Amino acid sequence: MRILVTNDDGYHAPGLEVLEAIAAEFSDDVWVCAPSEEQSGAGHSLTLNRPVRLQQFGERRFAVTGTPTDSVMMALREVMDSPPDLILSGVNRGANLGDDITYSGTVSAAIEGALAGIRSIALSQVYSAETRSSGAEFATAREWGAKVIGPLLDAPFDPRTLVNINFPPRAPDAVKGIRVVRQGFHDYSRGSIVEGKDPRGHRYFWFGLYAIEHTPDHGTDLEAIDDGYIAVTPLQLDLTHYASIDAIAGRFAD
Ligand code: MN
């Protein structure tokens, strides 16, 4: 089995090393092609207005001066002589839950893989102040990663679908188990932009510093993480809201 490993935290991120180790439990044909710098929040963006450079660091190790989507495209179209059987994206430092999925470069790299018809899985390690200061931020992803990926290797993946995995912010032996759940939603808030002044006296704004409040609905990824479970959510790329088609079409009927 050939595996492509990528992420959005960048080629030098510790989570990428963790995911490589997880991938090595399944295969000795593991390729890395990841953004050269952090691209968190890049979503499914493509670099269109400047050149993208490919840097090689080993026989199967590459960095791309672009987005996570650029990295997967480069891997599939330029770097690898035959396509991978599996694409793993992560392990992201931080949650990719609920509505945040569309901002996520981690999930978007897996989306690009799904578009290419390749089995693709995104992995994220949720952190808390406690796990962050423990020095073992990725311990749970490392310990549980292969246990979650293994059963997904021969699970049915419909075209244009992928799987999003989040590990809860607790020690590996305190994880309660694995739940397959739907995507939840956040309470949209205006409070997450922080304003400050730079050393030259100019105002700046910084996004996404605070966790967004959510009301964990039953059976969602957010609830599973709050309850101490690993959240596994199958995602689809068809964003059509089928229930609205007739009602909207009715507005345009003669
Ligand atoms: Mn990230």
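Parameters and conventions
Residues numbered from 1 in each chain as written. Predicted model: local features only at pLDDT ≥ 70, side-chain atom pairs only at ≥ 80, totals over all residues. Heavy atoms only, no water. Core = buried A, V, L, I, M, F, W, Y, C linked by side-chain atoms within 4.5 Å. Buried < 20%, exposed > 50% of the residue type's maximum accessible area, 1.4 Å probe, protein only. Helix = DSSP H or I, 4+ residues; strand = E, 2+ residues; numbered from the N terminus. Contact = heavy atoms within 4.5 Å. Salt bridge = Lys/Arg side-chain N within 4 Å of Asp/Glu carboxyl O. Pairing = 2+ DSSP bridges. Axes fitted to C-alpha atoms, helices over the stretch in contact; angles between N-to-C directions. Polar contact = N/O pair within 3.5 Å; in protein donor to acceptor, adjacent residues only side chain to side chain.

A. Looking closely at the nonpolar core. The biggest cluster of nonpolar side chains holds 31 residues, and the ones touching the most others in it are Leu88, Ile121, Leu123 and Ile165. For this core, the secondary-structure elements that each account for two or more residues are strand 1 (2-6), helix 1 (14-24), strand 2 (29-35), strand 5 (86-93), strand 6 (119-125), helix 5 (139-152), strand 7 (161-167) and strand 11 (229-236). The biggest single contributor to this core is helix 5, with six residues. In contact with Ile165, other than residues within four places in its own chain, are Ile121, Ala122, Leu123, Ser124, Val148, Leu152, Ile230, Ala231 and Val232. Leu4, Trp31, Ala75 and Ile118 belong to the second largest nonpolar core, which has 13 residues in total.

B. Expanded view of the pattern of salt bridges. As enumerated under the stated definition, the model contains 11 salt bridges in all. As a salt-bridge pair, Asp227 and Arg179 come within 3.0 Å of each other at their nearest N and O atoms. One end of the pair, Asp227, is in the loop between helix 6 (221-226) and strand 11; the other, Arg179, is in strand 8 (residues 177-180), and 48 residues separate them in sequence. The salt bridge partner of Arg182 is Asp217, with a shortest N-O separation of 3.2 Å. Of this pair, Arg182 sits in the loop between strand 8 and strand 9 (194-197) while Asp217 sits in the loop between strand 10 (203-206) and helix 6, placing them 35 residues apart in sequence. Overall, the relative accessible area of 41% leaves Arg182 in the partly exposed class.

C. Molecular detail of the sheet that holds strand 2. Read from one edge to the other, the open sheet built from nine strands follows the order 3-4-2-1-5-6-7-11-8, with strand pairing classed as mixed. A single partner strand is all that each edge strand has here, and the edge strands are strand 3 (54-58) and strand 8. Pairwise comparison of adjacent strand axes, ignoring direction, gives a mean angle of 20° for this sheet. When strand 7 meets strand 11, the two strands line up antiparallel, connected through six bridges. Opposite Leu162, over in strand 11, you have Leu235 as the bridge partner. Along the sheet, helix 1 contacts strand 1, strand 2, strand 4 (61-64), strand 5 and strand 6; its crossing angle with strand 5, the most-contacted strand, is approximately 145°. The strands touched by helix 2 (residues 68-79) are strand 1, strand 2, strand 3, strand 4 and strand 5; relative to strand 2, the strand with the most contacts, the crossing angle is about 135°.

D. Examining the pairing of strand 10 more closely. The pairing of strand 9 with strand 10 spans four bridges and is antiparallel. The residue of strand 10 that forms the bridge with Val194 is Trp206. Between strand 9 and strand 10, which pair antiparallel and follow one another directly, the connecting turn spans five residues, one of which, Gly201, has a positive phi of 90°.

E. Up close: helix 3 (residues 105-115). Among the 11 residues in helix 3, 10 count as buried, and that is most of the element. Of the residues making up helix 3, those classed as buried are Gly105, Thr106, Val107, Ser108, Ala109, Ala110, Ile111, Glu112, Gly113 and Ala114. Between the side-chain oxygen at the start of helix 3 and the backbone nitrogen of Thr106 there is a gap of 3.1 Å, and the oxygen is on Ser104. Within two residues after helix 3, Gly117 carries a phi angle of roughly 80°, on the positive side.

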